[in-house]
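Residue-level listing of the chains:
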Amino acid sequence: MGVLHRKLYRTMLKSWGQSLAVVAVVLCGIASYICVYSAYLNLMLTRDTYYSDYRLADFEILVERAPETALFKVEEIDGVRQARGRIVQDVNVDVEGVDEPRIGRMISMPSTHEPVLNDIVLLAGRYFDGSAQDEVIMSERFAEENHLTVGDRIQVSVDNKKYSLRIVGLGLSPEYVYMIRNVQSLFPSPERFGIIWVPQDFAETALDMRAACNSILGSVDNPDQLDAILDQADKLLDTYGVFARTKKSEQISNRFLSDEIRGLGVSARIIPTLFLGIAALILLILLNRMVRTERTQIGLMKAYGYSNLTVALHYIEYALLLSVLGCIGGFFLGQWMSFQMIQLYVDMYQFPSLQARIYPYVLTRSMGSALVFGVLGAVAAAIQAANIHPAESMRPESPKIAHKVWLEHWPFAWRQLSFTWKMILRNISRNKFRAGLNVFGVSISTALLIMGFFSQDAMDFGLKFQFEEVQREDVKLSFPTEHDIETLYDVARFDHIRRAEPLLEYPFEVRSAWRTKDIVVIGMPREAELQKIMNFKKEMVDVGATGLVMSDHLADELQVGVGSTVTLKPLMGRVTKEKEVTVRRVSQQFLGTSAFMNIDALSRVLDEPFAMNAALLRIDEGSGAAINRQFKDVAGISAVSFSKDAYNGLVESLGKSMAIMNTILLIFAGVISFSIIYNVTTVALSERQRELASLRVLGLSTTEVGRILYHENTSLGVVGIVCGIPLGMGICRILVEAYSNDLYRLPYHIERRTFVISILLTLFFVLLANFAVRRKIQRLDLVEVLKERE
Amino acid sequence: MSTGAIQEPIFELDEVQKVYHMGEVSVPALRGASLAVMPGEFLVILGPSGSGKSTLLNIVGGLDAPTGGRVRFKNQDMTAFTEAQRTQYRRNNIGFVFQFYNLMPNLTALENVELSTEISKRPMDPLEALRLVHLEERKDHFPSQLSGGEQQRVAIARAVAKQPEILLCDEPTGALDISTGKVVLQALGAINERVGTTLIIITHNVSIGEMANRVVRMMDGHVRDIHVNESPKSADELDW
């Protein structure tokens, strides 16, 4: 075996370009797997330890006002381990020198630190000292973005009274890893919204809720019993006005975080499998060629008495060696990328510390899959080698049945062809397998490039779609409670307002049979211009007079279609009556998962003649600051949000992290594309060395010989590209399905530019590979090649 | 054809040297070989392995360039040929036949011949070339469907079809048995006689020399002696 190993080693060095290509593809596959899968595990580990260390509650019930005694009733429910009452209220926070209102979610905490549910992590400063009433702990990022720190003071308006509070500490909570105010806001804007934790006494006094609470947290022994427990709690608390009950799995921050983790899990499966599959394919091509060219040598080895198994293993070993090399590179690159990726999550999520562990079993698993794919790629060649009969191998391969090229049946047309083209057509038609592999390789390359560009396209398109076509307002005013139409007229009377439209956003549980989903239903006037419902083809969808327009994502989840009836159960306010509505239309939605309804119809669902809790405004250009000043001190406005800020925030947070991921994916796609093309091209060359040398001896120049190969490769390349386009589109469709979640749905949108660039890049790769081939032709030792036996 | 004294040689080799550099080792293949070849001549070069006969043929055929000495082809100094010039030279003047026929496996016999007529300035009808080697009936067969002798004759037809001035054969019968070898030699002899192509064959096989006008013996990179054959035999008269 010693000699065989040496042969292996030398073969590898001799065809170093092709071997390197295999190693590169394996490396990309393993690196992406380790990167994404480690990030997946690390994020999951971080989440789970954080939740358990700081006791994230299993459920939360929001009530209007419940006395402390109600808490004991909840605690007595069978299966409830612990319960805690607290006061939660969104308040305006004044930061000196800032016009825009900041929203702080005021959450009451015990005056002295106890291991309560939904505890806080102190990152700086200290906990309340137990006696002072004017102390506040602020969520870290909120303070940071507003240039506040321990010792600073903030003004807080609670129930139209202003309080001056001193920041004593900065903290985080497992409840707000993904810091958004409500489902509608979708993306964090850390300078505008954050948490302020206050001592229980202060909250009780400020809100006049002595010995009462409006939020009940609980933990349970067995999460399977959660539904039953919540039903019981619902009944017990009914008299206190239950607004909403939220399970841990539905808790906003957790839901978004878990969606992200799930997405990583999907990525960890799809992309590395694709890459490793391609590595196997390249190995298949490479080794098949090798077995064919080494046919005589194999025969000779067998004639000397090497067993079939030894010979077969020889080729498998080659594949394994390349896989292992790819793996080693992939380990390091993947691990490094994984740490970089974790850093990206620091921007999106607020964790006290992010775990960045190395998982040996991920390494072994990736090594395992690389080897499995390597063997898969080698097995056909190995069998082929094992089947070679020593005596037969000394003779040329048995004849292939060949036919005339179809064009030859039309002598007139055939005669028009140049010599080069006749050669090419014959080559292709008589080596359909080789030509087929070439076409297939190129089409995969094109497809991969399209896929690489697609995610960025889809993201850009989605953001533009959302902020230019769907949300057309400049400013959105939110009110904490429902108002009648008069409010709209009042708002419209302010300066700089060119148009004002009412909006009603209300959380509901939608139900169809046993399937339920908590969503926000958005009520809008039929003639709305500042908000549109639109599908990804940018076709307007009429909200109609009655009935629900829902996103296809939601329709899928509820398994409903146009004409189905669903039940809406309000999740807020005093109204708890369920109403049935029909699904009017199914449309598409980029951000969030919501449904739309005519504002009048939605008001009727809530038993009101007309209700609105937000207004969309179009304002005079450049009047943003003035608008802020105008509304800052108006009671009853909970938020003034500028669409441009939201857009910029999104591009900043989501856009940045996506861009990095997309770039990596694109680089990988490029490396792999080139590897495939390089391999199919050069493999074809080495199979044909003798042919080419003969042509050279006959008097064809290197350029002429090169031209035959070059035209052949290019025309096969063009066919490959043409096939690659639908293939790429197919892969993108799969990605669209795989990555959709409640937060956003990738629109299936590929820019024309992407096609053009992918095609040009593929062509460039084909040319580059041809260039390498040209060099090989130039170096071809005519005398040596022709002296060898066939 | 006799070697008229006034005729200009088609080739003149003057003290030709060739040294192969393989890494750190230099292997001299030709150590100053001199030879003149007359137009229309049938020349056989004999010599053991390593005597430099293949190297000589490759230099004459424009596959290789000498490292010393001079090679003239019809008053042109080939020593100074560039790669492109050598390619042109091969294309227009030389036909090659190798021991292993080097046919394109995916082209039929006729198509293999067309390969050379397509790029030639004054080609023969490819079918005519096949007829010369008595293979016109097998024109649509692929190499793998032909016997070794037949394949070699296709290779000869291919070399001849572009009407080269010189036909260079490196062990053309080396892979063949006696009777097929004779058929191949017959074909070569006929071409030399009927078309007037200068024919150079290198071989181990001493008896092939009996067909030639002159026999050149090579040894250690030199031309050892040249023997003029007054009455060349035909191929079927040869004893193997």
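Each value, and the rule that gives it
Residues numbered from 1 in each chain as written. Chains lettered and ligands numbered in written order. Predicted model: local features only at pLDDT ≥ 70, side-chain atom pairs only at ≥ 80, totals over all residues. Helix = DSSP H or I, 4+ residues; strand = E, 2+ residues; numbered from the N terminus. Rg over C-alpha atoms; globule rule 2.2 N^0.38 Å. Buried ≥ 20, exposed ≤ 12 C-beta atoms within 10 Å, placed from the backbone. Contact = placed C-beta atoms within 7 Å. Pairing = 2+ DSSP bridges. Axes fitted to C-alpha atoms, helices over the stretch in contact; angles between N-to-C directions. pLDDT = per-residue confidence, 0-100. Nonpolar A, V, L, I, M, F, W, Y, C, P; charged D, E, K, R; others polar. Core = buried A, V, L, I, M, F, W, Y, C linked by C-beta atoms within 7 Å. Expected span 1.5 Å × (residues − 1). Domains from an automatic or database assignment. Left-handed = near helix turned anticlockwise from the far one by under 90°.

## With respect to the overall build of chain B
Across its full length, chain B holds 6 helices and 10 strands. Expected size for 240 residues packed as a compact globule is a radius of gyration near 18 Å; at 17 Å, chain B falls within 12% of this value. Expressed along its principal axes, the backbone C-alpha trace of chain B runs to roughly 45 × 40 × 40 Å. For chain B, with 240 residues in total, the buried portion stands at 50%. Considering only residue pairs separated by 6 or more positions, chain B has 71% of its internal contacts joining residues 24 or more positions apart.

## A look at the overall build of chain A
The secondary structure content of chain A amounts to 23 helices and 20 strands. The principal-axis extent of the C-alpha atoms belonging to chain A is close to 100 × 60 × 50 Å. In chain A, which comprises 790 residues, the proportion classed as buried is 45%. Considering only contacts within chain A whose residues lie at least 6 apart along the sequence, 84% involve residues at least 24 apart.

## Things to note about the sheet that holds strand β10 (residues 222-228) of chain B
All names here are of chain B. Strand order in this open sheet of 6 strands is β6-β7-β8-β3-β9-β10, and the pairing throughout is mixed. With one partner strand each, in any of the chains shown, β6 (94-97) and β10 form the two edges of the open sheet. For this sheet, the mean angle separating the axes of adjacent strands, direction not counted, is 20 degrees. Looking at chain direction, strand β3 (residues 42-46) and strand β8 (residues 198-203) are connected through 5 bridges and run parallel. Bridge pairing in β8 links Phe 42 to Leu 199. Contacts from helix α5 (residues 148-161) reach β6 and β7 (166-170), with the element oriented near 175 degrees to β6.

## Topic: the environment of Lys 302 of chain A
Residues and elements named next belong to chain A. Checked against the element boundaries, Lys 302 lands in helix α8 (residues 295-304). The exposure class assigned to Lys 302 is buried, which follows from the 20 C-beta atoms found within 10 Å. Sequence-distant contacts of Lys 302, defined by excluding residues within four places in its chain, comprise Val 311, Ile 388 and Pro 390.

## Topic: the sheet that holds strand β1 (residues 11-22) of chain B
Residues and elements named next belong to chain B. Pairing within the open sheet is antiparallel, and its 4 strands lie in the order β2-β1-β4-β5. Strands with a single pairing partner mark the edges of an open sheet, and in this sheet they are β2 (25-37) and β5 (76-77). Bridge count for β1 against β2 is 10 bridges, and the pairing is antiparallel. Considered in β2, the bridge of Val 16 is made with Ala 33.

## So, the confidence of the model for chain A
For chain A, per-residue confidence averages 85 on the pLDDT scale, and 96% of positions sit at 70 or higher. Averaged pLDDT values for the elements of chain A fall to 69 in helix α11 (residues 390-393) of chain A and rise to 95 in strand β6 (residues 135-139) of chain A.

## A short note on the interface of chain A and chain B
Counting residues at the interface gives 22 residues for chain A, matched by 22 residues for chain B. Of all the secondary-structure elements, those providing two or more residues to the side of chain A that touches chain B are α13 (419-430), α20 (689-698) and α23 (782-787) of chain A. Top element by residues in the side of chain A that touches chain B is α20 of chain A. It accounts for 5 residues. Of the residues assigned to the side of chain A that touches chain B, the class counts are 10 nonpolar, 6 polar and 6 charged.

## Re the nonpolar core
Judged by nonpolar contacts, the single largest core of 290 residues is most densely connected at Val 25, Val 26, Ala 279, Ile 282 and Tyr 315 of chain A together with Ala 157 of chain B. If one sorts the elements of this core by residue count, helix α7 (residues 252-293) of chain A sits on top with 20 residues. Here Ala 279 of chain A is in contact with Val 22, Val 25, Val 26, Gly 29, Phe 373 and Gly 377 of chain A, once residues within four sequence places are set aside. Ranked by size, the runner-up nonpolar core spans 5 residues in total, among them Leu 186, Phe 465, Phe 590 and Tyr 744 of chain A.

## Details of helix α22 (residues 752-779) of chain A
The terminal C-alpha atoms of α22 of chain A, which comprises 28 residues, lie 41 Å apart, in line with the 40 Å expected from a rise of 1.5 Å per residue. The set of residues buried in α22 of chain A consists of Thr 754, Ser 758, Leu 761, Thr 762, Phe 765, Val 766, Ala 769, Asn 770, Val 773 and Ile 777 of chain A.

## Looking at the pairing of strand β7 (residues 153-158) of chain A
Residue and element names in this part refer to chain A. Sheet topology note: the strand β3 (residues 88-94)/β7 ladder contains 3 bridges and is antiparallel. Its bridge partner lying in β7, Asp 94 is registered against Gln 155. Direction of pairing for β7 relative to strand β8 (residues 161-172): antiparallel, over a ladder of 6 bridges. Along β8, the bridge assignment pairs Ile 154 with Leu 165. Counting the residues in the hairpin turn of β7 and β8 gives 2 residues, including Asp 159, whose phi is positive at 50 degrees.

## A short note on the domain arrangement of chain A
All names here are of chain A. One can read the domain layout of chain A as domain 1 (1-56 + 251-398), domain 2 (58-249) and domain 3 (471-650). The gap between the C-alpha centroids of domain 2 and domain 3 is 26 Å. The partner domain 3 presents 19 residues to the 14 residues of domain 2 that form the contact. Each residue belonging to the side of domain 2 that touches domain 3 can be placed in one class, and the counts come to 7 nonpolar, 4 polar and 3 charged.

## A short note on the confidence of the model for chain B
The predicted model of chain B has a mean per-residue pLDDT of 86, with 97% of residues at 70 or higher. As a predicted assembly, this complex carries a pTM of 0.75 together with an ipTM value of 0.74.

## Topic: the environment of Gly 174 of chain B
Residue and element names in this part refer to chain B. For Gly 174, the position within the fold is in the loop between β7 and α6 (178-194). Residue classification places Gly 174 among the partly exposed residues on the basis of 16 C-beta atoms within 10 Å. Linking Gly 174 and Ser 234, residues 60 residues apart in sequence, is a C-alpha distance of 19 Å.

## Focus: unusual backbone geometry
All names here are of chain B. You will see that Glu 15, though not glycine, has its phi angle at about 50 degrees, which is positive. With respect to the helices and strands, Glu 15 occurs in strand β1. Of the residues examined, Glu 15 has 13 C-beta atoms within 10 Å and is grouped as partly exposed. The phi angle at Gln 163 is positive, at roughly 50 degrees, despite the residue not being glycine. Relative to the helices and strands, Gln 163 is located in the loop between α5 and β7. Of the residues examined, Gln 163 has 18 C-beta atoms within 10 Å and is grouped as partly exposed.

## A short note on the packing of α7 of chain A against helix α9 (residues 308-348) of chain A
Residue and element names in this part refer to chain A. In contact at an axis separation of 11 Å, α7 and α9 are set at 145 degrees when each is read in the N-to-C sense. Read as a crossing pair, α7 and α9 show a hand that is right-handed. Touching Leu 283, Leu 287 and Val 291 of α7 are Tyr 315, Tyr 318 and Ala 319, all from α9. Residue composition of the contact of α7 with α9, grouped by class: 6 nonpolar, no polar and no charged.

## Quick notes on the packing of helix α2 (residues 16-53) of chain A against α9 of chain A
For any two helices packed against each other, the geometry comes down to the angle between their axes and how far apart the axes lie. All names here are of chain A. For the pair α2 and α9, the least separation of the axes is 6 Å and the interaxial angle reads 35 degrees. Note on packing geometry: the crossing formed by α2 with α9 is right-handed. Of the residues in the contact of α2 with α9, the class split is 20 nonpolar, 11 polar and no charged.

## Some details on the environment of Ile 599 of chain A
All names here are of chain A. Within the secondary structure, Ile 599 sits in helix α17 (residues 599-605). Distance from Ile 599 to Thr 546, taken between C-alpha atoms, is 9.1 Å for residues 53 residues apart in sequence. With residues up to four places along the chain from it excluded, the contact list for Ile 599 reads Pro 502, Leu 504, Gly 523, Met 524, Pro 525 and Met 612.

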